[in-house]
Amino acid sequence: MTDAYSTAGAPPAALPQTRHLATAIPGPRSRALHQERQANVSDGFGIVLPVFIERADGGILQDVDGNRLIDFASGIAVTSIGASHPRVRERVSAQLERFTHTCFMVTEYQSFTEVAKWLNQHTPGDFEKRTALFSTGAEAVENAVKIARSATGRSRVLVFDEAYHGRSLLTMAMTAKENPYRLNFGPFPAEIVRAASANPLRPAAQHDGGVPASAAEVTAAALASVEATLAEHGPENFAAMVIEPIQGEGGFVVPAPGFLTGLRAIADRHGIVLVIDEIQAGMGRTGTLFASDHEGVAGDITLSAKALAGGLPLSAVTGRAELMNAVHAGGLGGTYAGNPLACEAALAVFKAFEDGSLLANARAIEAAAREVLAPLVAETHAVADFRGRGAMLALEFADRETLAPRADLAKEVAARCHAQGVLTLTCGTYGNVIRLLPPLVIGQDLLADGLQVLRQAVVGVTAEDSNLAAAPAHA
Ligand code: PLZ
């Protein structure tokens, strides 16, 4: 694996790229700051690891107690080129000297157009495109629905099991999981219909009630169920179907091969706009610029956010020119949409991806992780799956025979990693998945260290679990 900082001709990471534990995690200063937070911040915000960060760079997060944590989260797939890439800092600082904001709906600036131009060229699909920029992922999803409705004159939206699309009212309704995302927040906007996804580990039943036995059958059963759902609700009522090419929050579910191409065909058959939500999986995360590239599928609309602007808030809706231009003038916008600082950061991100080394890094991360983690499926009784693509990888904890989810094990593994200075996240409908989202610039040694910590945690936790199961029950 190459170090993208040096290959991109930029100075090496400023923080030492080694894990270091100076105190327990969280340390005393973080604990004190967390108390202060609790006294001032809404309890509605959750927290994965109550550690306060002072600096971050490459694959390291340095906290206020002097601990250096290995970053397997990238701020949920955002800081793919590191949290302080020199070129992002340069471009954003230079923009800060010029102006911070004009509002693109009031007066224009060129970086907005340049970001749109790059996305028009690089998103999947060999057709004329236009792009609209916003700030958050949820906003991009909402605007895709607005555009699809405006262009088709239809209202319904098809979404999928295990989908995550955001926390705003419409995107909450599109998201599958109740707790924590939707609980107590209804009623929700109407016209959202959910269909089965092609989850290879937990597939939808076949028409005759049978369980699909091969990947091809998983795909066929899911596509048949999509057609059945559309038939029930009237395909002619659907403006859009919205799908993540790899489902993120829902558990890093890579759909069975052929599912995305099957959806493409169904969308074409019924004149439905296919919206591919690449917000988590896109921008190089999976080893190609967009995750739909793996299947050779192009959405009519592709959504980007997260890693698009190296940590600054920016999202994009890129789609067929005739769809994007179907909206009446003034119908799209927002005060901060395509903020100039964020656009400059995105242009720095595009530059960093230019020589292909970051995509190669993503693939090398997958190879290294697969070697260390994939054997855990055979070695333990409760790791049901190792899956993912590039630097978007996951371990699912479940009884290997019954597939009964084991969120307790995922939680314990994550806790042990955290205590050892490795920041891992969980996800999944059942909360039983550990996901890895390291920055693409993480060094080889640091990655290997983090993977060993994770591996040891899994081995330890699953061994204790089998001992517990084997021990005679106590009253
Ligand atoms: N679409 C596919 O992954 C954001 C959410 C974290 P926003 N995922 C992380 C949380 O608990 O809030 C996401 C995504 C996909 C849309 C979104 C929404 O992006 O920038 O968080 O609005």
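Residues numbered from 1 in each chain as written. Predicted model: local features only at pLDDT ≥ 70, side-chain atom pairs only at ≥ 80, totals over all residues. Heavy atoms only, no water.

1. As for the domain arrangement of the protein chain
Here is step 1 of the chain: As far as domains go, the protein chain holds domain 1 (4-84 + 357-467) and domain 2 (89-352).
Here is step 2 of the chain: Its C-alpha centre places domain 1 at a distance of 26 Å from the equivalent point of domain 2.
Here is step 3 of the chain: Facing 38 residues of domain 1, the contacting portion of domain 2 comprises 28 residues.
Here is step 4 of the chain: Notably, a salt bridge pairs Glu249 with Arg435, separated by 2.9 Å at the nearest N-O pair. (Domains from an automatic or database assignment. Contact = heavy atoms within 4.5 Å. Salt bridge = Lys/Arg side-chain N within 4 Å of Asp/Glu carboxyl O.)

2. Remarks on the environment of Gln62
Here is step 1 of the chain: One can find Gln62 in strand 2 (residues 60-63).
Here is step 2 of the chain: In the structure, Gln62 is positioned 397 residues away from Val459 in sequence and 27 Å away in space, judged by C-alpha atoms.
Here is step 3 of the chain: Aside from chain neighbours lying at most four places away, what touches Gln62 is Leu15, Ile53, Glu54, Arg55, Asn67 and Arg68. (Helix = DSSP H or I, 4+ residues; strand = E, 2+ residues; numbered from the N terminus.)

3. A word on the sheet that holds strand 3 (residues 68-71)
Here is step 1 of the chain: The four strands are arranged 1-2-3-13 in an open sheet whose pairing can be described as mixed. Only two strands of the sheet have a single neighbouring strand rather than two, namely strand 1 (53-57) and strand 13 (422-423). (Pairing = 2+ DSSP bridges.)

4. Describing helix 12 (residues 357-373)
Here is step 1 of the chain: Compared with an ideal rise of 1.5 Å per residue, which puts 17 residues at 24 Å, helix 12 spans 24 Å between its outermost C-alpha atoms and is within 8% of the ideal.
Here is step 2 of the chain: Restricting attention to buried positions, one finds in helix 12 the residues Ser357, Leu358, Leu359, Asn361, Ala362, Ile365, Glu366, Ala369, Val372 and Leu373. (Expected span 1.5 Å × (residues − 1). Buried < 20%, exposed > 50% of the residue type's maximum accessible area, 1.4 Å probe, protein only.)

5. Looking at the pattern of salt bridges
Here is step 1 of the chain: Overall, the coordinates contain 21 salt bridges when judged by the stated rule.
Here is step 2 of the chain: For Arg320, the salt bridge goes to Asp300, with nearest N and O atoms at 2.8 Å. One end of the pair, Arg320, is in strand 10 (residues 315-320); the other, Asp300, is in the loop between strand 8 (273-277) and strand 9 (301-304), and 20 residues separate them in sequence.
Here is step 3 of the chain: Accessibility expressed as a relative area gives 24% for Arg320, which makes it partly exposed.
Here is step 4 of the chain: One salt-bridge network, held together by shared partners, links Arg202, Asp385, Arg387 and Glu396.

6. Remarks on empty space enclosed by the protein
Here is step 1 of the chain: Tallied over the entire structure, the rule returns one cavity of 30 Å³ or more.
Here is step 2 of the chain: Looking at the largest cavity, its volume works out to about 60 Å³.
Here is step 3 of the chain: Lining the largest cavity are 13 residues, with Glu162, Asn199, Arg202, Gly250 and Glu396 sitting closest to its centre.
Here is step 4 of the chain: In terms of residue class, the lining of the largest cavity is made up of three nonpolar, six polar and four charged. (1 Å grid on protein atoms, 1.4 Å probe; cavity = no way out; pocket = protein on both sides within 12 Å on 5 of 7 lines; lining within 4 Å. Points joined across faces, edges and corners; volume = space filled by probe spheres on them. Nonpolar A, V, L, I, M, F, W, Y, C, P; charged D, E, K, R; others polar.)

7. Some thoughts on the pairing of strand 3
Here is step 1 of the chain: Residues Arg68 and Ile70 line one face of strand 3 and the alternating positions Leu69 and Asp71 line the opposite face, and both faces are buried.
Here is step 2 of the chain: Looking at chain direction, strand 2 and strand 3 are connected through three bridges and run antiparallel. Opposite Ile60, over in strand 3, you have Ile70 as the bridge partner.
Here is step 3 of the chain: What sits between the antiparallel neighbours strand 2 and strand 3 is a turn of four residues, in which Gly66 has the positive phi angle 85 degrees.
Here is step 4 of the chain: Where strand 3 and strand 13 come together, two bridges link them in parallel fashion. The residue bridging Asp71 from the neighbouring strand is Leu423, located in strand 13.

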